[in-house]
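Listed below are the residues making up each chain.
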Amino acid sequence: MAHEASQFESGEMLAAFLFSTPLLQESWRLCAAVAGQQQGFAVERVGPTALVAFSAVQPTAGGWSSDFVEVEGKGMFGGVEGGAARVHGGVLKVFQSYHAAPSFQRKLEEALKDCKSVVLAGHGLGGAVAALSALWLLSRFESAPIFCITFGSPMLANHPFSKAILQQRWAGNFCHIVAPTDIFPTLLFSPRSPFLPRIFAMFTSFDQLQHFPISNVERDELLAELLGRVEDWLKLSGDKESLYCPFGSYVFCTEKGAVCMDDSRAIVEFLGYSMLSGGWVSSCIEDHLKYGDYVGRVCAQYMQKLSFRPTIIPDSSSEAGVALALQSIGISYEDAVYGKATNCLLKARQLNWRRNLNNAKMAVSLSKITPFRAELEWYKDYCDAQYQLGYYDAFKRRGASRRDFKVVMNMRKLGRFWDDLIDKMQKNELTPDFHKQPKYVNASRFYELLVEPLEIADYYRAGMHTKKGHYIEHGRNKRFDIFDKWWADRKVGDEERKPRSKYAGLTQDPCFWARVEEARDKVFQATNEMDMRKRLLLLDDIERFAQYAIGMIDRMEVSVDVMSKKSSYGLFREEWEELKSQQQQHQILKEHFPGFQDGMVQ
């Protein structure tokens, strides 16, 4: 007997939200309204929300290629660029035609400025364009309330691209509505099909969109081809760089109900089962034009209790829930794919169980690393009291004592915990809002402020700056960049806005000591630089840091060890004052002796 538990958890919550609000119906209404317009998109305000809808008809879609295109260097999609991430060349071409228009960018930016949230929606090809537009906005305005809804949209990117979206925690911003036998969500599983040019030509006009350009015999051939590619996709492991991959949540919607899931493998399996459930050949294009009916009926039925008429009585309410979910998308107990579809849903549910279980395990692990962090705090207090120097400089000048060795081991143990946590997040093994929980935001920030100065000290102690370059640009661990983003996205309370009455326990810029080391290096360079233009640039950089440090001290955002004359910052101040004194002497000599230049008489 199956476990008694919520069937779909986060997916169920998303579906319940969408079907209990007018958001889906309003999004479809605007998509349908813009279908006959030459502009191809429209912006409309609905209460505090701006709706941006893209038509299934895109005049620039004709004659395109189905090849993947690398997005690296495009400068449009921020964190999802780079590596093996690729998107559909034709969809990218259509999006770029919008992106190049100043009026398009201006309208979206105005919508973000004037409204509390922005919803981008699109039908068919317009859905793929809406998804790229949403990614562009998320890359530019990471914390903006942006949501994307597509209706019957083809997949547009490969597995590394979809994985990058997961790593950026943007998957929750996308919801794809799929009708049971709609051809378009599965079409690009066979990107080399000879039928594709004729099918995609339909997107250039609304009249052509209503007439499917291939016969029933050809539809059978296409069905067999697509099913074969789905099986190939499911058999492959790894990044699947050459295959299309879904991202975000998929809502499989019929006149009877809907099922929502966010696991890419489960989504692909369900797309295959939808093709096998019957009626695909006769309605694979008709369903693409019926989203208004599906959305309207499911929204109207949301608060009504569905009657359940199974062929056999389920053993548990859990099995009954699975049967109801399958019934809602047109898969009955008599269908040949019922067993496989049931297993697919159970796997999707188990994924949510695993995420919640991993959340609990991470909470236990977080409590277990507390002693390691406490020992580093003790080490900091010891250095402040024993050496009158501060733990940064003490660790930088350390010897081979047992105490220092233990500090290194504790740093590694803490680093392994946070690297494991980030790895689980990037693999989608934790709940989507995991990184927003205050205890992890605060714990990661404390770890960063406490440990990163030690990593900086180790970096400069080993002379890595002479081999690789300075720490901030060439030596900083990516985990700290992630923690910076978590901290920047947190909700700031009133307490944090109040001015400090005493110096901080930990310097509030985790890279402060790296900036000190870089400034000291520039002082040395400026002292020996003969080119006046280069020297002036160095002096400007040093002065900016000096003012930045003074500002932090005035706001009491540094710990007391920074103020020590023996600290690296104390040495920087002495070196900087000496250099400024030399500059003033040179200036006086130049005024009295015009031929004097850099200590020499010309």
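What you are looking at is a predicted structure, and each value in this text was computed from that prediction instead of being measured. (Residues numbered from 1 in each chain as written. Predicted model: local features only at pLDDT ≥ 70, side-chain atom pairs only at ≥ 80, totals over all residues. Heavy atoms only, no water.)

## Focus: the overall build of the protein
Then step 1. A count of helices and strands for the protein gives 25 helices and 11 strands.
Then step 2. Burial status across the protein gives 50% buried among its 602 residues.
Then step 3. Long-range pairs, those at least 24 residues apart, make up 74% of the contacts in the protein between residues at least 6 apart in sequence.
Then step 4. For the protein, the accessible surface area stands at approximately 28400 Å², while carbon and sulfur atoms represent 53% of it. (Helix = DSSP H or I, 4+ residues; strand = E, 2+ residues; numbered from the N terminus. Buried < 20%, exposed > 50% of the residue type's maximum accessible area, 1.4 Å probe, protein only. Contact = heavy atoms within 4.5 Å. Areas by Shrake-Rupley, 256 points an atom, 1.4 Å probe, with all protein chains shown as cover.)

## Topic: the packing of aromatic side chains
Then step 1. As enumerated under the stated definition, the model contains 31 aromatic pairs in all.
Then step 2. Here Y250 and F252 contribute two aromatic rings whose centre-to-centre distance is 6.4 Å and whose plane-to-plane angle is 35 degrees, an arrangement assigned as tilted.
Then step 3. Overall, F252 belongs to the buried group, its relative accessible area being 2%.
Then step 4. Judged by centre distance (6.1 Å) and plane angle (40 degrees), the rings of F512 and F545 are tilted. A residue pair is termed long-range when its members are at least 10 positions apart, and F512 in helix α23 (residues 512-528) and F545 in helix α24 (residues 532-554) qualify at 33 residues.
Then step 5. Classification of F545 by relative accessible area gives buried; the value is 9%.
Then step 6. Grouping aromatic residues by their ring pairs yields a cluster made of Y392, F512, W513, F545, Y548, Y569 and F572.
Then step 7. Sitting over the ring of F395, R398 keeps its end group 4.0 Å from the ring centre.
Then step 8. For R479, the ring lying beneath its charged end belongs to F480, and the centroid distance is 5.4 Å. (Phe/Tyr/Trp six-rings, centres within 6.5 Å; stacked < 30°, edge-to-face > 60°. Lys NZ or Arg CZ within 6 Å of the ring centre and 35° of its normal.)

## Overview of the nonpolar core
Then step 1. Counting residues in hydrophobic clusters, the biggest one holds 59 residues, and the most contacted among them are W418, L421, F512, Y569 and F572.
Then step 2. Element by element, the count of residues in this core is highest for helix α18 (residues 438-461), at 11 residues.
Then step 3. In this structure, W418 is in contact with L366, I369, Y440, A443, S444, Y447, R479, F483 and W486, ignoring residues within four places of it in sequence.
Then step 4. F77, A130, L135 and I146 belong to the second largest nonpolar core, which has 42 residues in total. (Core = buried A, V, L, I, M, F, W, Y, C linked by side-chain atoms within 4.5 Å.)

## Some thoughts on the environment of K439
Then step 1. Looking at the element boundaries, K439 is found in helix α18.
Then step 2. A relative accessible area of 44% means that K439 is categorised as partly exposed.
Then step 3. With 76 residues separating them in the primary sequence, K439 and A363 have C-alpha atoms 9.3 Å apart.

## Things to note about the confidence of the model for the protein
Then step 1. In the predicted model, the protein carries a mean pLDDT of 79, and the fraction of residues at 70 or more is 75%.
Then step 2. In this model residues 1-9 is a low-confidence stretch, pLDDT under 50, and it forms 30 contacts with partners more than four residues away in sequence or in other chains.
Then step 3. Across residues 305-311 the pLDDT falls below 50, and counting only partners more than four positions away or on other chains, this stretch makes 10 contacts in the model. (pLDDT = per-residue confidence, 0-100.)

## Points about the sheet that holds strand β1 (residues 41-46)
Then step 1. Sheet architecture is open: 7 strands sit in the order β1-β2-β5-β6-β7-β8-β9, paired in mixed fashion. Edge positions in the sheet fall to β1 and β9 (258-261), since each of these pairs with one other strand and no more. Strand-to-strand twist across the sheet, computed as the mean angle between neighbouring axes with direction ignored, equals 20 degrees.
Then step 2. For strand β2 (residues 49-54) and strand β5 (residues 117-123), the ladder comprises 6 bridges, and the chain directions are parallel. Across the sheet, F54 pairs through a bridge with G122, a residue of β5.
Then step 3. Seen against the sheet, helix α4 (residues 102-114) touches β1, β2, β5 and β6 (146-151) and runs at an angle of roughly 15 degrees to β1. (Pairing = 2+ DSSP bridges. Axes fitted to C-alpha atoms, helices over the stretch in contact; angles between N-to-C directions.)

## Considering the packing of α23 against α24
Then step 1. At their nearest, the axes of α23 and α24 sit 9 Å apart, and the two run at 150 degrees to each other. Crossing hand, α23 versus α24: left-handed. Judged by residue contacts, F512, R515, V516, A519, K522, V523, Q525, A526 and T527 of α23 engage R535, L538, L539, D541, I542, F545, Y548, A549 and M552 from α24.
Then step 2. Of the residues assigned to the contact of α23 with α24, the class counts are 12 nonpolar, 2 polar and 4 charged. (Left-handed = near helix turned anticlockwise from the far one by under 90°. Nonpolar A, V, L, I, M, F, W, Y, C, P; charged D, E, K, R; others polar.)

## Quick word on a nonpolar patch on the surface
Then step 1. The grouping of Y503, V560 and M563 at the surface amounts to a nonpolar patch, some 250 Å² of accessible area in total.
Then step 2. Considering the arrangement of structural elements, one finds V560 in the loop between α24 and α25 (568-592). (Patch = residues over 30% accessible without salt bridge, like charges linked within 9 Å, V, L, I, M, F, W, Y side chains within 5 Å. Salt bridge = Lys/Arg side-chain N within 4 Å of Asp/Glu carboxyl O.)

## A closer look at the pattern of salt bridges
Then step 1. Taken as a whole and judged by the stated rule, the model has 29 salt bridges.
Then step 2. In this structure, R397 engages D393 in a salt bridge whose closest nitrogen and oxygen atoms are separated by 4.0 Å.
Then step 3. With its nearest N and O atoms 2.6 Å apart, the salt bridge here joins E517 to K396. One end of the pair, E517, is in helix α23; the other, K396, is in helix α16 (residues 391-396), and 121 residues separate them in sequence.
Then step 4. Classification of E517 by relative accessible area gives buried; the value is 8%.
Then step 5. The structure contains a network of salt bridges with shared partners spanning R445, E448, E452, R476, D481 and D484.

## A short note on α23
Think of an α-helix as turning once every 3.6 residues; residues three or four places apart then point the same way.
Then step 1. For α23, built from 17 residues, the straight-helix expectation of 24 Å at 1.5 Å per residue is met to within 8% by its first-to-last C-alpha distance of 25 Å.
Then step 2. Looking only at α23, the buried set comprises F512, W513, A514, V516, E517, A519, V523 and A526. (Expected span 1.5 Å × (residues − 1).)

## Thoughts on the pairing of β1
Then step 1. Note: β1 against β2, 6 bridges, orientation antiparallel. For V46, the partnering residue across the bridge sits in β2 and is T49.
Then step 2. Hairpin connection of β1 to β2: 2 residues between the antiparallel strands, including G47 at a positive phi of 65 degrees.

## Brief notes about the packing of helix α17 (residues 402-426) against helix α21 (residues 478-488)
Then step 1. Running from amino to carboxyl end, α17 crosses α21 at an angle of 70 degrees, the nearest separation of the two axes being 11 Å. Classified by the angle their axes make, α17 and α21 are roughly perpendicular. The element α17 and its partner α21 pack so that their crossing is left-handed. Counted together, G415, W418, D419, L421, I422, M425 and Q426 of α17 and R479, I482, F483 and W486 of α21 form the full contact between these two elements.
Then step 2. Partitioning the contact of α17 with α21 into residue classes produces 7 nonpolar, 2 polar and 2 charged. (Parallel < 35°, antiparallel > 145°, perpendicular 65-115°, else oblique.)

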